[in-house]
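Observations on chain architecture
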Amino acid sequence: MKLSLSYYRQNNVVEIARDLIGKEIFTNFNGILTSGIISETEAYAGITDKASHAFGGKRTQRTETMFLNGGRIYVYLCYGMHKMLNIVTGPKETPHAVLIRSIVPKAGIEFMKERTGKTSLVNISNGPGKLCKALGIEMKHNNISLLGNEIWIKDLDFTYEIKGYEIEGYGIKATKRIGIDYAGEDAKLPYRFVID
DNA sequence: CTTTAGATCGTCT
DNA sequence: GACGATCTAAAGG
């Protein structure tokens with residue numbers, strides 16, 4: 001079933017990042033439904049985390065979304081061409097977010113191929129920029145609710161097998177985050193979660 | 001297999 | 001004006 005507001009408003013962003021592994025994220029834009037199983041995440045822990053856009057309580061037009069209450073998405077542009085998808089968590093004024101870094105495609109695979117120009121599922125959504133392309137996520141989707149009919153996340157109570165990718169009885173490994181060497185000591189925190 | 005350059009633009013200073 | 005929570009293609013070993 002669809003994850004609820006009370007789920008997103010829990011205050012432990014690192015635990016939520018770990019828990020989101022194995023859940024299914026959907027988008028439904030203009031009648032085109034696509035989804036994938038979340039297989040890699042990273043937690044960004046608000047104002048105390050040097051790697052977070054909201055570090056030190058930094059409020060700008062861009063980071064404002066993270067300060068709102070949990071249960072919406074934060075989309076931003078990286079390197080001038082890639083959209084990044086984040087799940088805003090925690091209560092209002094607590095700018096926690098979970099970056100979705102990889103999904104295993106499930107629903108609407110033909111649409112994903114069309115959006116990415118790829119002919120196979122290999123490497124189609126295994127990266128934060130790539131999954132946004134596969135799911136059709138654009139800058140204009142920043143700030144939209146995860147309880148509406150355009151994007152949502154579902155808990156799974158059974159296992160999946162998708163075109164050779166088996167997601168069953170998996171383990172979850174914690175590692176340091178990617179691409180945040182500027183964050184000093186915080187770059188070493190085990191805030192990245194992957195299926196193992 | 002690994003390394004490297006180049007693409008490209010919203011956001012902040 | 002500088003810089004990314006990245007990706008790809010191309011070249012080299």
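Data block above holds the structure.
Residues numbered from 1 in each chain as written. Chains lettered and ligands numbered in written order. Predicted model: local features only at pLDDT ≥ 70, side-chain atom pairs only at ≥ 80, totals over all residues. Heavy atoms only, no water.

Thoughts on the overall build of chain A
Spelled out, the test is: The numbering of helices and of strands both runs from the N terminus, where a helix is a DSSP run of H or I of at least 4 residues and a strand a run of E of at least 2. Only the C-alpha atoms count toward the radius of gyration. The rule for a globule is 2.2 Å times the residue count to the power 0.38. Note on exposure labels: buried denotes an accessible area under 20% of the residue type's maximum, exposed denotes more than 50%, and partly exposed covers the range between, all computed with a 1.4 Å probe on protein chains only. For this analysis, residues touch if any pair of their heavy atoms sits within 4.5 Å. Accessible surface area values rest on a Shrake-Rupley calculation with a 1.4 Å probe, where residue burial reflects the displayed protein chains alone.
On a plain count of helices and strands, chain A comes out with 5 helices and 10 strands. Since a compact globule built from 196 residues should have a radius of gyration of about 16 Å, the 16 Å found for chain A is in line with a globular shape. Overall, chain A is about 45 × 35 × 35 Å in size when its C-alpha atoms are taken along their principal axes. A buried classification covers 52% of the 196 residues belonging to chain A. Of the contacts made within chain A by residues no fewer than 6 positions apart, 61% connect residues no fewer than 24 positions apart. Only carbon and sulfur atoms are counted for the fraction: they give 51% of the accessible area of chain A, which is about 9,400 Å².

A look at the packing of aromatic side chains
Our working rule: The aromatic pairing rule takes the rings of Phe, Tyr and Trp, using the six-membered ring of Trp, and pairs them if the centres are within 6.5 Å, calling planes under 30 degrees apart stacked, those over 60 edge-to-face and the rest tilted.
Evaluation of the coordinates by the stated rule reveals 3 aromatic pairs. With a centroid separation of 5.6 Å and an interplanar angle of 90°, the aromatic rings of Y7 and Y8 are classed as edge-to-face. On the basis of relative accessible area, Y7 is assigned to the buried category, the value being 15%. Assessed through its relative accessible area of 0%, Y8 is described here as buried.

Some thoughts on the pairing of strand β1 (residues 24-29)
Applicable threshold: A pair of strands is treated as paired once DSSP finds two or more bridges between them.
In terms of residue burial, β1 counts as a mostly covered element, since 5 of its 6 residues are buried. One ladder, built from 6 bridges, connects β1 with strand β2 (residues 32-45); its direction is antiparallel. Considered in β2, the bridge of I25 is made with G36. Counted along the chain from β1 to the antiparallel partner β2, the turn is 2 residues long, and its residue N30 has a positive phi close to 50°.

Concerning the protein's contact with DNA strand B
Where we set the bar: Think of it this way: one heavy atom of a residue within 4 Å of a molecule or strand is enough to make that residue near it. We define a polar contact as two N or O atoms separated by no more than 3.5 Å, with the added condition that, inside protein, one atom must be a possible hydrogen donor and the other a possible acceptor, whereas residues neighbouring each other in sequence contribute only through side-chain atom pairs. Under the scheme applied here, ten amino acids are nonpolar (Ala, Val, Leu, Ile, Met, Phe, Trp, Tyr, Cys and Pro), four are charged (Asp, Glu, Lys and Arg), and all others, including Gly, are polar.
Looking at DNA strand B, the residues that line it are K58, T60, R62, L77, Y79, G80, M81 and M139. The protein-proximal atoms of DNA strand B, defined as those within 4 Å of the protein, are 65% sugar or phosphate. Note that a base oxygen of DNA strand B is positioned 2.7 Å from one of the backbone N or O atoms of Y79. Within the surface near DNA strand B, the residues separate by chemical class into 4 nonpolar, 2 polar and 2 charged.

Digging into unusual backbone geometry
A positive phi angle is found at Y79, which is not glycine, with a value near 55°. For Y79, the location among the structural elements is in the loop between β3 (72-78) and β4 (82-89). Here Y79 falls in the exposed class, since its relative accessible area comes to 70%. One non-glycine residue, N143, adopts positive backbone phi at about 85°. Relative to the helices and strands, N143 is located in the loop between α5 (128-135) and β6 (151-154). Judged by relative accessible area, which is 32%, N143 ranks as partly exposed.

Re the protein's contact with DNA strand C
The local shell around DNA strand C holds 20 residues, among which Y76, Y79, H82, N86 and Y182 are the closest. Put simply, 50% of the atoms of DNA strand C that lie within 4 Å of the protein are in sugar or phosphate. Taking H82, its side chain carries an N or O atom lying 2.7 Å from a base oxygen of DNA strand C. In the model, a phosphate oxygen of DNA strand C is placed 3.2 Å from a nitrogen or oxygen of the P128 main chain. Those elements giving two or more residues to the surface near DNA strand C turn out to be β4, β5 (96-105) and α5. When grouped by side-chain class, the residues that make up the surface near DNA strand C number 10 nonpolar, 7 polar and 3 charged.

Geometric values such as these leave the question of function open.
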